[in-house]
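Residue-level listing of the chains:
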Amino acid sequence: MGLLTDELRARIGETAVYTAPEPVGRAAIRYYAMAVGDDNPLYTDAEAAHHAGYRDVIAPPTWVTETNQYMSGVRNHEGYMGHSWGIEVPNSRLVRGGNSYTFDNPVYPEDIITATWEIVDATERTTSKGQDMLIVTSQATYTNQHGALIGTNTETLIWTALS
Amino acid sequence: MTPPVSQVDVSTLEVGTSVPPLRRTITQTDMVAYAGATWDWHQLHYDANYLAAKQLPAAVVDGQVFGALLVEQAQDWIGPAAWVQAVDFRFKNLVFAGETVECTATVREVITTDEGTMIVLDCEVGVVGDKARVAAAPCSVTVLVR
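The rules behind the values
Residues numbered from 1 in each chain as written. Chains lettered and ligands numbered in written order. Predicted model: local features only at pLDDT ≥ 70, side-chain atom pairs only at ≥ 80, totals over all residues. Heavy atoms only, no water. Phe/Tyr/Trp six-rings, centres within 6.5 Å; stacked < 30°, edge-to-face > 60°. Helix = DSSP H or I, 4+ residues; strand = E, 2+ residues; numbered from the N terminus. Buried < 20%, exposed > 50% of the residue type's maximum accessible area, 1.4 Å probe, protein only. Lys NZ or Arg CZ within 6 Å of the ring centre and 35° of its normal. Contact = heavy atoms within 4.5 Å. Buried area = accessible area lost by both parts, 1.4 Å probe. Polar contact = N/O pair within 3.5 Å; in protein donor to acceptor, adjacent residues only side chain to side chain. Pairing = 2+ DSSP bridges. Axes fitted to C-alpha atoms, helices over the stretch in contact; angles between N-to-C directions. 1 Å grid on protein atoms, 1.4 Å probe; cavity = no way out; pocket = protein on both sides within 12 Å on 5 of 7 lines; lining within 4 Å. Points joined across faces, edges and corners; volume = space filled by probe spheres on them. Nonpolar A, V, L, I, M, F, W, Y, C, P; charged D, E, K, R; others polar.

Peer 1: Is there a simple way to think about the packing of aromatic side chains in this case?
Peer 2: Considering all chains together, one arrives at eight aromatic pairs over all chains under this definition. Between the aromatic rings of Tyr 32 of chain A and Tyr 34 of chain B, the centroid separation amounts to 6.1 Å while the plane-to-plane angle is 50°, which identifies the pairing as tilted. On the criterion of chain membership, the pair formed by Tyr 32 of chain A in helix H2 (residues 26–36) and Tyr 34 of chain B in helix H1 (residues 28–37) is interchain, its members lying in two chains. For the residue pair Tyr 32 of chain A and Tyr 34 of chain B, the accessibility class agrees, reading buried in each case. For the pair Phe 89 of chain B and Phe 91 of chain B, a centre-to-centre distance of 5.5 Å together with 70° between the ring planes defines the contact as edge-to-face. What makes Phe 89 of chain B buried here is its relative accessible area of 0%. By relative accessible area, which is 18% here, Phe 91 of chain B ends up buried. We note Arg 55 of chain A situated over the ring of Tyr 108 of chain A; from NZ or CZ to the ring centre the distance is 3.8 Å.

Here's what the structure looks like:
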């Protein structure tokens, strides 16, 4: 054990807030739907969306969970420009554990999204094979310009000590 | 306006009822499109030199796309009356450019609420073909049918 430092433990509760500099826009919705291969007309056809009870096209639910689009900044040496806590764990391997999403309200083209990330937990344990693991759980809460809750994204990152 | 009607008769759903599977080949081109759409330019998703240096056989599919596929599967099944309330997935194995994944799902629970019928699905994302393996499991999707 020892992957969970006092320094990291003290960061539980830390937040990072990103507000998009502009509204979502129809193009971003259409682009995402096309990229994932989802031809649901709710995302591109306002009439179909009206029929389903929406006032306009909506974004695919998982669209909101991609935080990079709300950020500004520069790409790192691996080309990545996204939210990161900058947690460094020497002599370890990082893997993504998974995601849990909740969706409360639809995203419309005129919405301006704010993502509020929080470190909600950091724990360590030893696997049955005797490997030390550090598990950091973060949660993003997404809201629109009216303060309405769009959804949440809980993500786990797992560092495994290299022997 | 007439509210949408579910394409599925929710009154006939039972625990264990199967949802039509969703199968998708994720090409390198699809991955470039996804990287662009999500503002994620990490070299892991496209750069041959980066991948060779990391001893990876091909570009790695962004796992969050599985969430999008699980939503698509549930919505295509129920239709526009579906509102996906929750999606949960745990990664088991990396998926590489050019591989085909299949989302499978069965009904775990049907709950009648004031808002409508809530359907909880047990799902799995698997890689099909020569190197068949689990990509994400356990997974679940919760859909409200109003």
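Peer 1: Help me understand the interface of chain A and chain B in this model?
Peer 2: Reports of interface size often rely on the accessible area that becomes lost once the parts have come together. Chain A puts 40 residues into the contact, and the matching count from chain B is 36 residues. Summed over both partners, the interface of chain A with chain B buries about 3300 Å², with 51% contributed by carbon and sulfur atoms. Here chain A is connected to chain B by 18 residue pairs in polar contact (both at pLDDT 80 or more). Among the elements of the structure, H2, helix H3 (46–51), strand E2 (92–103) and strand E5 (149–161) of chain A are those that each provide at least two residues to the side of chain A that touches chain B.

Peer 1: Just to check I follow, could you spell out the sheet that holds strand E1 (residues 15–19) of chain A for this structure?
Peer 2: Pairing between the strands of a sheet comes from backbone hydrogen bonds, and it takes one of two forms, parallel or antiparallel. Here 10 strands make up an open sheet; going across it, the order is E1(A)-E3(A)-E4(A)-E5(A)-E2(A)-E2(B)-E5(B)-E4(B)-E3(B)-E1(B) and the pairing antiparallel. Looking at which strands have only one partner, the edges of the open sheet turn out to be E1 of chain A together with strand E1 (18–25) of chain B. The sheet shows a mean angle of 20° between the axes of neighbouring strands, taken without regard to direction. Lying on the sheet, helix H3 (residues 64–78) of chain B is in contact with E2 and E5 of chain A together with E1, strand E2 (82–91), strand E3 (100–112), strand E4 (117–128) and strand E5 (133–145) of chain B; it crosses E2 of chain B at an angle near 145°.

Peer 1: Hey, could you run me through the pairing of strand E3 (residues 114–126) of chain A in this one?
Peer 2: Both faces of the sheet carry side chains from a regular strand, because those side chains alternate between them. Residue and element names in this part refer to chain A. Of the pairings in the sheet, the one linking E1 to E3 comprises five bridges and is antiparallel in character. Its bridge partner lying in E3, Val 17 is registered against Thr 116. Alignment of E3 against strand E4 (residues 132–143), held across 12 bridges, turns out to be antiparallel. Following the sheet pairing, Asp 121 is matched in E4 by Thr 137. Connecting the antiparallel pair E3 and E4 is a turn made up of five residues, with Gly 130 showing a positive phi of about 85°.

Peer 1: Even after reading the chapter, I still don't get empty space enclosed by the protein, so can you show me in this structure?
Peer 2: By rolling a water-sized probe across the atoms, one finds the places where empty space is left. Taken as a whole, this structure holds two cavities of 30 Å³ or more when the rule is applied. For the largest cavity, the calculated volume is near 60 Å³. Around the largest cavity sit Ile 58, Ala 59, Pro 60, Pro 61, Val 64, Phe 103, Asn 105, Pro 106, Val 107 and Ile 150 of chain A together with Trp 83 of chain B, which together line it. Quantified by volume, the second largest cavity comes out at close to 30 Å³. As for the second largest cavity, its lining consists of Tyr 32, Val 36, Asp 38, Tyr 43, Pro 60, Pro 61 and Thr 62 of chain A together with Ala 68 and Val 71 of chain B. Those elements that place two or more of their residues in the lining of the second largest cavity are H2 of chain A together with H3 of chain B. Residue composition of the lining of the second largest cavity, grouped by class: seven nonpolar, one polar and one charged.

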